[in-house]
Amino acid sequence: RLISRVRSVLGVELSVRAVFEAPTVAGLAARLVGAAGARPALRVGERPGVVPLSFAQRRLWFLHRLEGPSATYNMPMAIRLSGALDHDALRAAVADVVERHESLRTVFGEADGVPYQRVLENVEVDIPVIPTTESDLPRHLESLAARTFDLTGEAPLHAALLELSPAEHVLSLVLHHIAADGWSVAPLSRDLATAYRARAVHHSPQWSELPVRYTDYVRWQQELLGSVHEPESVINQQVGYWENALAGIPERLKLPADRPHPVVATYTGGVVPFTLNADIHRSAVALARETGSTLFMVVQAALAALLHKLGAGTDIPIGSPIAGRTDQALDDLVGVFVNTLVLRTDVSGDPTFRELLERVRETDLAAYAHQDVPFEHLVEVLSPTRSLSHHPLFQVLLAAEDIDPELIDLPGLRSTLRPVGTGTAKFDLSLSYRERHTTEEGSPAGIDCRIEYSADLFDQATAERIAAHLSRLLEEAVRQADRPLRTLDILMASERQRIVGDWNATAYESAGHGLTLKDLLEEQAARTPERIALAFEDSELTYADLHARADRLASLLTRRGAGPERVVAVAVPRSTDLVVALLAVLKSGASYVPLDPDDPAERTAFVLDDAQPVLLLVTEETSALLSGIGSGPGRILLDSPETRALLAGSEADHERPEDVSSAGALLPHHPAYVIYTSGSTGRPKGVLISHEGIVNRLLWMQAEYGLTREDRVLQKTPSSFDVSVWEFFWPLITGAGLVVARPGGHKDPAYLADVIEDHRVTTAHFVPSMLRAFLSQPAAATCTSLRQVICSGEALTADLAQSFSAALGIPLHNLYGPTEASVDVTHHTCPPQAGDAHPPIGRPIWNTRVYVLDAGLAPVPVGVVGELYLAGVGLARGYLGRPGLTAERFVACPFGAVGERMYRTGDLVRWNGAGELEYLGR
């Protein structure tokens, strides 16, 4: 009796051994059985004229009215019958069961907005026979399972007999959840077998009368709980516990979904079955026995740990059905008695699995002791934010099942229950499981599991990965329970190889290997000296003229101390002079640090003080702006008559830069430029980018997007932002033309449209916000010379990508990269029709690797949010003059060669199933 009572109250997963060998569970069992004696007696009473609904029925009725007739709350059963079937006996037996259990012949109505139930006296049971084949059987079963009920006038049971052959049938029974719960399957099956056995020999079933009816339970439930107006009532006392237990619960659990929640859930879903082997089963049972817990608690702890590792946080609420049959009179009754408990799991502090299991045990036992409050009433009291997109209080369900496939024993037949899907999902994720035991000894033989998932959120492949991760985690956890959660690996070897290795297989040795940016620029000038290299407003320069000017300035710079490992500051407005200045600094072997004339004086002063440049290149305009910033480095006024005359002389009048540099030869590892960060997360930091890094980036860009000599690239990004680097130099290493926008022009979309049209620009860059403004200009549609646009700097949205495609119909490339790398490190080409989510930032470029890691620097699975780390040739050398900060952000890479570094971006991303990164913010 004790075993039966505990199994009915807590569900069905407690074995005799669990009750008597686990002191805590045994103690709880004694409390539950003892408490039953103090409860009001459940007995047959006079049925009132209007029978109200139980709490569980009220919620199901409300959902039925809200959603309309659907299969969301259907309970399908398929019973395989092998042997000589008596059709008439089966039909009569089903009718007998319907007659015995009032819930199966109850309809529901509403009066003045209040629902009520009405028991039909006579119900005609029809079991149509449907011929089918083995191949068509699943389709027929799914179709029957998806039938809807009219609860106002139709009994909540559909039956059909699928005939595969005279000796092979499948009985389909579909119940609406408002009439039965999972624990009703056992009494229904027993009664069906009893009735068939009698009808097969032309007798009526001789079964004992049921102690109570479902309508008696409804009255008793109200009597048991008492009134909300009575402070000492059971419902008020237990509500107090739940208010405290669920205070501050997450509104919605963050799951590794493929899509965001829709505004209104469709409840479409799918199922992934999987099996935990006998070894895992035995280890889990042994751990439960050792810790005074239950197998359910072990599985719950594993599920909570998995959700935590999948990015759900440390506060994990999991819903769980509980039988609710707290009186023995209900054991043999078909009806909906089930209640739902919210089991809140605290995963904070990186506990060991054993410690987490202890937390789960204490939480669950307290919840079981306060299980009488109907979930529906708890939702009303706690009043969480209500949404048509997700379930309140929890979105993940865990259920233990105890339905024996051989439960139905019909004489002359071999009968087997088989699961049937409805194609629906009530929750974001549901995990159900059933234990198997050996026939001889009853020892653990494996656990059959099913993950039901919402198709609104998850793809089938994602649900399959979640199942694999749970199997992996549980296997490790039950065998090594004293390991911290962060050390439990959920990745399969093949998945780790794909994430760490295959998707980072970017090694490529280009023709530019071992060269500097200076080499590439000068080689191209030698190939195409007479082509137009640069256009600014009404002036143009050929490659030969541009490089001649830059050489002369470079000679001056080297004589004034510029060279490798030295910095030259450039404070020049966007113009021909700016391009010449940058090119000259590179030719001198120094690295340039750009100063934006529009920046506040305080920032400029800081950069000059921090970078300690050997020279400062200015114009009359910017020199005046910098006049209050102290003496600083020596200045060269580019537009002074003296400098203009100096730079206008013949090339023979000047030594080549490399001949006069005193700092040594320029090598690929030397810095090419220093870009300062915005300082939004502290004071600005100068980032040193090497020649080999930017050369790799530019040559990849040429291989990927292929400029020709007929192309023209618009340069409009301020030189203090790293996107400007490829705008300046990509065209100049390929023989294409560089079109420079006027100062301030990057803020004027109408002007940009005119420049693109007038200069026949073929390639341009926009941050998404500026792209939106550009597309709003009528002139944007006339920019037919454009053949590609590149986006970066902000998150690109799908609607903007679609608007772009509709307006221009050319490729849109979404790139990503922090200042601490050589401009961009990942790339994605947007298809003409993007989905609802942000377009991905894509895959890594040549010789660049990307890792999505958790707090312990372990790779996270596909679909799971983690922090992005970068490695490879494109990484910055570090922060100028900040070795401590460099060591903090550029850390040892555990996935590369000895001594290799990786950069911690602080950006949150995740892998999608296609091997591309999705950006989710910081």
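Refer to the structure printed above.
A short note on the overall build of the protein
Here is step 1 of the chain: Within the protein one finds 28 helices and 34 strands.
Here is step 2 of the chain: Each of the three principal axes of the protein carries a C-alpha extent, and together these read 120 × 55 × 55 Å.
Here is step 3 of the chain: Classification of the 922 residues of the protein by burial places 58% in the buried group.
Here is step 4 of the chain: Looking at the protein as shown, the accessible area adds up to about 36,500 Å², and 51% of this sits on carbon and sulfur atoms.
Here is step 5 of the chain: A gap of 2 Å separates the mean positions of the 82 positive and 115 negative side-chain charges of the protein.

A look at the pattern of salt bridges
Here is step 1 of the chain: Across all of its chains, the model carries 47 salt bridges by this definition.
Here is step 2 of the chain: With a shortest N-O distance of 2.6 Å, D824 and R697 are connected by a salt bridge. You can see D824 sitting in the loop between strand 26 (812-816) and strand 27 (826-830) and its partner R697 sitting in helix 23 (residues 691-705), a full 127 residues away along the chain. Each member of the pair, D824 as well as R697, is classed as buried.
Here is step 3 of the chain: Among the ionic contacts, a cluster of salt bridges with common partners joins R472, E476, R483, D489 and R496.

Quick word on the nonpolar core
Nonpolar side chains in soluble globular proteins tend to end up buried together.
Here is step 1 of the chain: Ranked by size, the top nonpolar core spans 172 residues in total, and within it L553, L617 and F729 carry the most contacts.
Here is step 2 of the chain: It is helix 11 (residues 295-312) that provides the largest number of residues to this core, a total of 14 residues.
Here is step 3 of the chain: When sequence neighbours within four positions are dropped, the list of residues in contact with L617 reads L553, L557, V568, A569, V570, A571, V572, A581, V585, I636 and L638.
Here is step 4 of the chain: Formed by 32 residues, the second largest nonpolar core is a distinct cluster that contains A89, L104, V125 and V185.

With respect to the environment of W220
Here is step 1 of the chain: Mapped onto the secondary structure, W220 falls in helix 8 (residues 214-225).
Here is step 2 of the chain: Separated by 262 residues in sequence, W220 and D482 have C-alpha atoms that sit 46 Å apart.
Here is step 3 of the chain: Not counting residues within four places of it along the chain, the set of residues in contact with W220 comprises P40, A41, L42, T326, D327 and L330.

Some details on the packing of helix 11 against helix 14 (residues 460-479)
Here is step 1 of the chain: Following both chains from N to C, one finds helix 11 and helix 14 inclined at 120°, their axes separated by 9 Å at the closest point. In terms of their interaxial angle, helix 11 and helix 14 are classed as oblique. You can see that helix 11 and helix 14 cross each other, and the crossing is right-handed. Across the interface between the two elements, V298, A302, L303, A305, L306, K309 and L310 from helix 11 touch I466, H469, L470, L473, L474 and V478 from helix 14.
Here is step 2 of the chain: For the contact of helix 11 with helix 14, the per-class residue count stands at 11 nonpolar, one polar and one charged.

Here's the deal with the packing of aromatic side chains
Here is step 1 of the chain: Counted according to the given criterion, the structure contains 20 aromatic pairs.
Here is step 2 of the chain: Here the aromatic rings of Y816 and Y919 are separated by 6.0 Å at their centres, their planes lie at 35°, and the arrangement is tilted. With Y816 in strand 26 and Y919 in strand 34 (residues 917-921), the pair connects residues that are 103 residues apart, well separated along the chain.
Here is step 3 of the chain: By relative accessible area, which is 24% here, Y919 ends up partly exposed.
Here is step 4 of the chain: Chaining the aromatic ring pairs together yields one cluster made of Y214, Y217, W220 and F337.
Here is step 5 of the chain: It is R100 that lies over the ring of W207; its NZ or CZ is 4.7 Å from the centre.

Conventions we followed
Residues numbered from 1 in each chain as written. Predicted model: local features only at pLDDT ≥ 70, side-chain atom pairs only at ≥ 80, totals over all residues. Heavy atoms only, no water. Helix = DSSP H or I, 4+ residues; strand = E, 2+ residues; numbered from the N terminus. Buried < 20%, exposed > 50% of the residue type's maximum accessible area, 1.4 Å probe, protein only. Areas by Shrake-Rupley, 256 points an atom, 1.4 Å probe, with all protein chains shown as cover. Lys, Arg positive; Asp, Glu negative; His and termini not counted. Charge placed at Lys NZ, Arg CZ, Asp CG, Glu CD. Salt bridge = Lys/Arg side-chain N within 4 Å of Asp/Glu carboxyl O. Core = buried A, V, L, I, M, F, W, Y, C linked by side-chain atoms within 4.5 Å. Contact = heavy atoms within 4.5 Å. Axes fitted to C-alpha atoms, helices over the stretch in contact; angles between N-to-C directions. Parallel < 35°, antiparallel > 145°, perpendicular 65-115°, else oblique. Left-handed = near helix turned anticlockwise from the far one by under 90°. Nonpolar A, V, L, I, M, F, W, Y, C, P; charged D, E, K, R; others polar. Phe/Tyr/Trp six-rings, centres within 6.5 Å; stacked < 30°, edge-to-face > 60°. Lys NZ or Arg CZ within 6 Å of the ring centre and 35° of its normal.

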